[in-house]
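The primary structure of each chain is shown beneath.
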Amino acid sequence: MSDFQSLFLVLCALYGIECVLWLPERALLFRRSIPGRWRKSRHGWELPLFRCRLFLPPLLPPFGRMFVGGYSPIRIDPQGIWLQRIRSESEVEHEADRYIRFSDLVSLECKDRHLLCNGKIAGRFVTPSGAARAAELLTRLKGCEEGERQKFLKEGFNRILDGGKLAAVIAKYRGAGRRLRAACHMEFGLLFLAFPVLGELLGIRLILLPFLLCLLAFGLFISWEYQRVYRVLHGSGDPNRGSVTAMLLLSPVAATRAFDQLAAYAVSRFHPLAVASVLFSRETFLAEASRYLRAVKYPLPEAGSAGFSGPTGAQDWLSENWRDAVERFLGESFDDPVQLLSPPRKDSEKCRSYCPRCCSQYRFEAGDCVDCNLPVHRFVSSFLPQAPR
């Protein structure tokens, strides 16, 4: 193997590493397949040591076939903040109280994707801008009365479930990023098509200087366009502008993925259910909505509020109002959201009950679901409509 071929393999390896996404545990990757259907990647490769998961997005152009979203690592009610539980045993003992009232909230700080409340790690967000928005929201709520907080939080529920606004954001993202996308395509072709072909035909010494000048020109244009599109989407400049610009200029491989990097900022402010309503087909969205509505309607008893702990009254307010917001949102897309909770079709005539959360079916009429520890529901009739699954 020649030195030129070895160099090209190194470029391919760097590109593969650049494509890997390191996302927090509660993050989700929405990706589009070649036929044009969107799906949600739930798992990825979990790395408990680093409290993150690895996702592999589409490797080849055209780019822009993915969006990064996820669930908020914190929950907010009119009385305080529900902090995400920490998995490390030593940190659980140190962070025994994971609920902070607004009256006890002294300091708020953002460190990259982390939000710190009174020095405690409240949670790790999908993007640094998500942590900054959460800190801004908490600062505003701290200065309000409880009644005003209730009203503001209900409005916030509707904002993150606003599918119409999300569709406009995605359209703006795609429209504003056309030149950036084209530049990324051209740099990709220059690196992985023109460079190996011309290098083999003319020799690396002859093409090296013109090649480096072209990469520098593309890097300058891509970094400029990246910042422009970011301002169009968010109304302000990237807080990490210096480091991002340096990365795009010094690493041509990273510059080829610049258009994809903006995807993490495009939909992260919206709830994954709203993202699914815009990207997925109606059938796929209704199946996803049915699963999520069952999870909201029938929470796991041992997990409480999805891994959060706090005052019972605050938990009830948050659960009830969030469930109402989800049902209103689904009512706009589905005439009767209650039908999403309809019993599944029987697997056999011997089935007598089902779990209202996971839809597992059992032959006994009374008892608890093995997986969810929830009381099962009896089948009323042998002929039941098929619920989305």
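K.L.:
Kindly report on the packing of helix α6 (residues 178-202) against helix α7 (residues 204-234), identifying the contributing residues and their values.
P.N.:
Running from N to C, α6 and α7 cross one another at 170 degrees; their axes reach a closest spacing of 10 Å. It follows from the interaxial angle that α6 and α7 lie roughly antiparallel. Across the contact of α6 with α7, the residue classes tally to 20 nonpolar, 2 polar and 4 charged.

K.L.:
Hey, could you go over the nonpolar core for me, with residue numbers and the actual values?
P.N.:
One finds F67, I74, L115, F285 and L330 to be the most contacted residues of the largest nonpolar core, which totals 81 residues. Here this core gets 8 residues from one element, more than from any other, and that element is helix α14 (residues 312-333). Setting aside its immediate chain neighbours within four residues, L330 contacts L273, F285, A289, L293, P337 and L340.

K.L.:
Report on the pairing of strand β10 (residues 108-111), specifying residues and quantitative values.
P.N.:
Every other side chain in a regular strand lies on the same face of the sheet, so the side chains alternate between the two faces. Judged from the 4 bridges that link them, β10 and strand β11 (residues 114-117) form a sheet pairing that is antiparallel. Paired with L108 across the two strands is C117, which belongs to β11.

K.L.:
Give me the lowdown on the state of the cysteines, citing residues and values where you can.
P.N.:
Per the stated rule, a full pass over the model turns up 0 disulfides. Free of any disulfide, C117 has its nearest cysteine sulfur in C110, 8.8 Å distant. Taking the relative accessible area as the measure of exposure, C117 reaches 0% and is therefore buried.

K.L.:
Talk me through the sheet that holds strand β3 (residues 38-41); I want residue IDs and the actual numbers.
P.N.:
Reading across from one edge, β3-β2-β6 is the order of the 3 strands in this open sheet, with antiparallel pairing throughout. Strands at the two margins of the open sheet, each flanked by one partner only, are β3 and β6 (66-70). Neighbour-to-neighbour, the strand axes of the sheet open up by a mean angle of 25 degrees, direction not taken into account. One ladder, built from 4 bridges, connects strand β2 (residues 27-32) with β3; its direction is antiparallel. Bridge pairing in β3 places F30 opposite K40.

What counts as what
Residues numbered from 1 in each chain as written. Predicted model: local features only at pLDDT ≥ 70, side-chain atom pairs only at ≥ 80, totals over all residues. Heavy atoms only, no water. Axes fitted to C-alpha atoms, helices over the stretch in contact; angles between N-to-C directions. Helix = DSSP H or I, 4+ residues; strand = E, 2+ residues; numbered from the N terminus. Parallel < 35°, antiparallel > 145°, perpendicular 65-115°, else oblique. Nonpolar A, V, L, I, M, F, W, Y, C, P; charged D, E, K, R; others polar. Core = buried A, V, L, I, M, F, W, Y, C linked by side-chain atoms within 4.5 Å. Buried < 20%, exposed > 50% of the residue type's maximum accessible area, 1.4 Å probe, protein only. Contact = heavy atoms within 4.5 Å. Pairing = 2+ DSSP bridges. Disulfide = S-S within 2.5 Å.

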